[in-house]
Amino acid sequence: FPIGSGKVYRPLTLTGQQADASTTYTAQQFNQAPTARAFPTAAGSLQRVSRVRYFNVTNNGATNFSQGTITLNYDGDDQVDAPAKLRIAKGDAAGNWLDLGGTGTGAPAGSITSTVPFTSFSDFVLASTEASGALGNNPLPVHLTSFTARRQGTGVRLEWATATESNNSYFEV
C-alpha cells in the first residue's frame, strides 16, 4: 500500500492467505499516537509503542482470511535507533497490544516484517522491547512533559518541555 499522511509517506506491505476470491483491503496511516492499550504478560517482550504514527488495516468484512504478515517502513522521525529491539505490535479486540515479532533492518531508516502471523485486522504500530525511551532503546516518540500557550500582544507564545528527545531535527506546530 503506497500510503501517507501530510508530508509523511510510509508504505506498508501486507501478505496474506485468504480464500475469498475478491476482497478489498484498506490501509490508513495516522500521524499520531494510537489508542492506549495494555501490554499483557502474554504480549511477549513489548514495553512501549510509538506515539509518532500507527496504521489501521481492514479487509472490509471478508471472513476467510487465514493468516498474514505485515511490513512497516520507518524513517528518521520514527525514532528508531536500535533495530534489534524493534517489533511490530497489533491491537486486539480485548484492548491489548500483541507482539507480532520482527527485527528492524536499519537505523534511523529501514523496515520491519512481522514474524508472528495474524488472523484479524486492526491497528499496527512500531514497538520497542525496552521500557526506557533512552538512546539505544528506540525512543520512538518525543515525550512532552508540558505545553503552554499564552497570549502575548497580538500573537501567542508557545512553550514546551520534553522528557525524552532523540534524533529530533525540529518541531512542527
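Residues numbered from 1 in each chain as written. Predicted model: local features only at pLDDT ≥ 70, side-chain atom pairs only at ≥ 80, totals over all residues. Heavy atoms only, no water.

Considering the sheet that holds strand E7 (residues 65–74)
Next up, step 1: The strand order across the open sheet formed by 3 strands is E3-E7-E10, and the pairing between neighbours is antiparallel. The open sheet has two edge strands with one neighbour each: strand E3 (12–18) and strand E10 (110–113). Taken over all neighbouring pairs, the strand axes of this sheet differ in orientation by 10° on average, direction set aside.
Next up, step 2: As judged from the 7 bridges shared by E3 and E7, these two strands associate in the antiparallel manner. Directly across from Thr 15, in E7, lies its bridge partner Thr 69. (Pairing = 2+ DSSP bridges. Helix = DSSP H or I, 4+ residues; strand = E, 2+ residues; numbered from the N terminus. Axes fitted to C-alpha atoms, helices over the stretch in contact; angles between N-to-C directions.)

Re a nonpolar patch on the surface
Next up, step 1: On the surface, Phe 147, Val 156, Leu 158 and Trp 160 cluster together to form a nonpolar patch covering roughly 370 Å² of accessible area.
Next up, step 2: Here Leu 158 is to be found in strand E13 (residues 155–164).
Next up, step 3: For Leu 158, a relative accessible area of 34% gives the class partly exposed. (Patch = residues over 30% accessible without salt bridge, like charges linked within 9 Å, V, L, I, M, F, W, Y side chains within 5 Å. Areas by Shrake-Rupley, 256 points an atom, 1.4 Å probe, with all protein chains shown as cover. Salt bridge = Lys/Arg side-chain N within 4 Å of Asp/Glu carboxyl O. Buried < 20%, exposed > 50% of the residue type's maximum accessible area, 1.4 Å probe, protein only.)

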